Amino acid sequence: SGINAEYGETEGYCPSGTNWDYHYCNECRVGYALKSDETDCEACPRGQYRSRGMSACRQCAPNKISHGGASVCTPCLAGTFANDERTRCVNCKPGTYRRTYMSRCESCPINQITTYNKYCTSCKEGLTPNTDQTRCVNCPNGTYKDKTMLKCADCPRGTIHNSKRNACVSCPSGTYTNQTVDKCVTCPRGTISNPWKSACDGDKYYWKWSAVKRNVMIDFDPKNSIEIRTTPNYIVRTTPDYVKVGFYDKTNSSVGAAVTIRFSGVPMYYISSCSREYTKFPVQPPSIRGMDKIWRITVQKSSDVRIIIQCNGVEVLNMWLYNQKTCYYNPYSFGTWRVDDITQLMFSSEDRQSYYYRFFKSDVIPEDGNPCPDNAYTVLPECAG
């Protein structure tokens, strides 16, 4: 019956959890408790336990179980948890884990997967967790993840992920890509890839790249834009580096116009006769590992004068010079920028970032769809020279 005689009390004064058995108060042995009629002992049901000194069976604590007639409950192992009835341990759901000290199964942090539901492991660069966070898989096509990133990000336009998917690289000349195409695609016949390899153009062409010479006047038509190539990664020296271009008239006199880009950490700009100090670009230039930066500077005049700067196809500045909010030095600097008088430009001796330049002309349709018109240069190798 599971009764042990241990008390010598008189009938009617037995402690709770014991019963009178003619001469003694009897307590049920551990793992058992009195029946409801207090006539005999019965085993504690599954999911409950009773140890010495307890008057009745109690449910096991969270993440502990029993199999009936138990004096103590058994903890669930790591990677499992107790069901509501505390009768069995169940594996954590895919993508969740539990250590023995945790009260419940929890989801792994971002960029991590579960290992045997016991702990989480980070995915290496180029890899990302699958939907249920049970294994690491390649970043999707057209995306990448380096060792500093927690999730895959889209490659900038004109680039594609490398074989390890931990960086983006520029498409080869004569090819292009974009956010909807996950590989470099050959341009159709009669077209060329633009400098950022984001599209193929049949109605634009570019003059040949020329090496930058400083303090030398260069003929320039302000109806065109100038494109300047700088190194893939900004070189940060003790003193800042610059792209610095001034504009001049036919007498070699400055028209009061110059554009400066400073490299010292975050790139900043300064517009002569307008800026009060070096200022961060409203849109930060894209950072693409291993890819030259192509800066396009456009002086646009219609009813006013605007300075437009692009970096690798991203517009980072569009400044209206006749504006008291942006032109701190002289809100009427559009009068100083005598665009109609500009016939030349010059790279300053302070410019240590520019190493090639060319002019960009739009709205020109090559005859017969020829992508290599006379005196022009495209990014196709057969057009170089």
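From a predicted model like this one, the values you see are computed outputs, not experimental measurements. (Residues numbered from 1 in each chain as written. Predicted model: local features only at pLDDT ≥ 70, side-chain atom pairs only at ≥ 80, totals over all residues. Heavy atoms only, no water.)

J.: Got a minute to help me understand the overall build of the protein chain in this structure?
T.: Secondary structure assignment for the protein chain yields zero helices and 38 strands. Counted over contacts in the protein chain with a minimum sequence separation of 6, partners at least 24 positions apart contribute 44%. Accessible area of the protein chain: about 21,100 Å², with a carbon and sulfur share of 47%. (Helix = DSSP H or I, 4+ residues; strand = E, 2+ residues; numbered from the N terminus. Contact = heavy atoms within 4.5 Å. Areas by Shrake-Rupley, 256 points an atom, 1.4 Å probe, with all protein chains shown as cover.)

J.: Can you walk me through the pattern of salt bridges in this structure?
T.: Two side chains bearing opposite charge may form a pair once their charged atoms approach each other closely. Scanning the entire structure with this criterion turns up five salt bridges. The partner of D351 in a salt bridge is R214, and the shortest N-O contact between them spans 4.0 Å. One end of the pair, D351, is in the loop between β37 (344-347) and β38 (356-361); the other, R214, is in the loop between β27 (210-211) and β28 (218-219), and 137 residues separate them in sequence. The class for R214 is partly exposed, based on a relative accessible area of 30%. For E227, the salt bridge goes to R358, with nearest N and O atoms at 3.0 Å. Of this pair, E227 sits in strand β29 (residues 225-230) while R358 sits in strand β38, placing them 131 residues apart in sequence. Comparing E227 with R358, the two get one shared label, buried. (Salt bridge = Lys/Arg side-chain N within 4 Å of Asp/Glu carboxyl O. Buried < 20%, exposed > 50% of the residue type's maximum accessible area, 1.4 Å probe, protein only.)

J.: Explain the environment of Q133 here, please?
T.: With respect to the helices and strands, Q133 occurs in the loop between β16 (127-129) and β17 (136-138). Taking C-alpha positions, Q133 is 8.6 Å from S107, a pair spaced 26 residues apart along the chain. Every residue in contact with Q133, bar those within four places of it in the chain, is listed here: G95, C108, P109, Q112, I113 and T114.

J.: Just checking my understanding: could you explain the state of the cysteines for this structure?
T.: Two cysteines joined by a covalent bond between their sulfur atoms form a disulfide. Enumeration according to the criterion identifies ten disulfides in this entry. Sulfur-sulfur distance for the disulfide between C44 and C57 comes to 1.9 Å. For the disulfide bridge between C44 and C57, the dihedral angle about the S-S bond is near -80°, and by the sign convention the bridge is left-handed. Taken together, the positions of C44 in the loop between β5 (41-43) and β6 (48-49) and C57 in the loop between β6 and β7 (58-59) put the pair 13 residues apart, joining distant regions of the chain. Residue C44 shares its accessibility class with C57, and that shared class is buried. A sulfur-sulfur distance of 1.9 Å marks the disulfide that ties C60 to C73. Looking along the S-S bond of the C60-C73 disulfide, the torsion reads about -80°, which is the left-handed sense. Within this pair, whereas C60 is found in the loop between β7 and β8 (64-65), its partner C73 is found in the loop between β8 and β9 (74-75), the two being separated by 13 residues in sequence. (Disulfide = S-S within 2.5 Å.)

J.: Teacher, can you tell me more about the environment of G31 here?
T.: Locating G31 in the fold gives a position in the loop between β3 (24-28) and β4 (32-34). Residue class for G31 comes out buried when judged on its relative accessible area of 0%. Note: C-alpha distance between G31 and C41 (ten residues apart in sequence) is 9.8 Å.

J.: Sorry, what's going on with the environment of S354 here?
T.: Along the chain, S354 turns up in the loop between β37 and β38. Residue classification places S354 among the buried residues on the basis of a relative accessible area of 2%. Between the alpha carbons of S354 and I294 there is a distance of 9.7 Å; along the sequence they are 60 residues apart. Ignoring anything within four residues of it in the chain, the contact list for S354 reads V212, R214, I228, R229, T230, Y242, V243 and F347.

J.: Even after reading the chapter, I still don't get the nonpolar core, so can you show me in this structure?
T.: A general tendency of soluble globular proteins is for nonpolar side chains to be buried together. Counting 34 residues, the largest nonpolar core has I226, F247, I271, F281, I309, L345 and F347 as its most contacted members. Looking at this core, the element that brings in the most residues is strand β31 (residues 254-263), giving five residues. With near-sequence residues (within four places) excluded, F281 lies in contact with I261, P267, M268, Y269, W295, I309, V316 and L317. Counting five residues, the second largest nonpolar core, distinct from the first, contains Y49, M54, A70 and C73. (Core = buried A, V, L, I, M, F, W, Y, C linked by side-chain atoms within 4.5 Å.)

J.: Teacher, can you tell me more about the packing of aromatic side chains here?
T.: The relation between two aromatic rings is expressed through the spacing of the ring centres and the mutual angle of the planes. Tallying each qualifying case throughout the model produces ten aromatic pairs. Consider the rings of Y357 and F359, whose centres lie 5.8 Å apart with planes at 65°: the pair is edge-to-face. Taken together, the ring pairs in this structure connect F220, F247, F347, Y357 and F359 into an aromatic cluster. Taking NZ or CZ as reference, R262 lies 4.6 Å from the ring centre of Y278, over its face. (Phe/Tyr/Trp six-rings, centres within 6.5 Å; stacked < 30°, edge-to-face > 60°. Lys NZ or Arg CZ within 6 Å of the ring centre and 35° of its normal.)

J.: Whenever I open this one, the confidence of the model for the protein chain confuses me. Can you help?
T.: The predicted coordinates of low-pLDDT regions are not to be read in fine detail. Averaged over the protein chain, the pLDDT score is 79; the fraction of residues at 70 or greater is 75%. Low pLDDT, under 50, characterises residues 1-11; the stretch is placed with 31 contacts to residues that sit more than four places away or in other chains. This stretch, residues 362-385, has a pLDDT under 50; its non-local contacts, to residues over four places away or in other chains, come to 40 contacts. (pLDDT = per-residue confidence, 0-100.)

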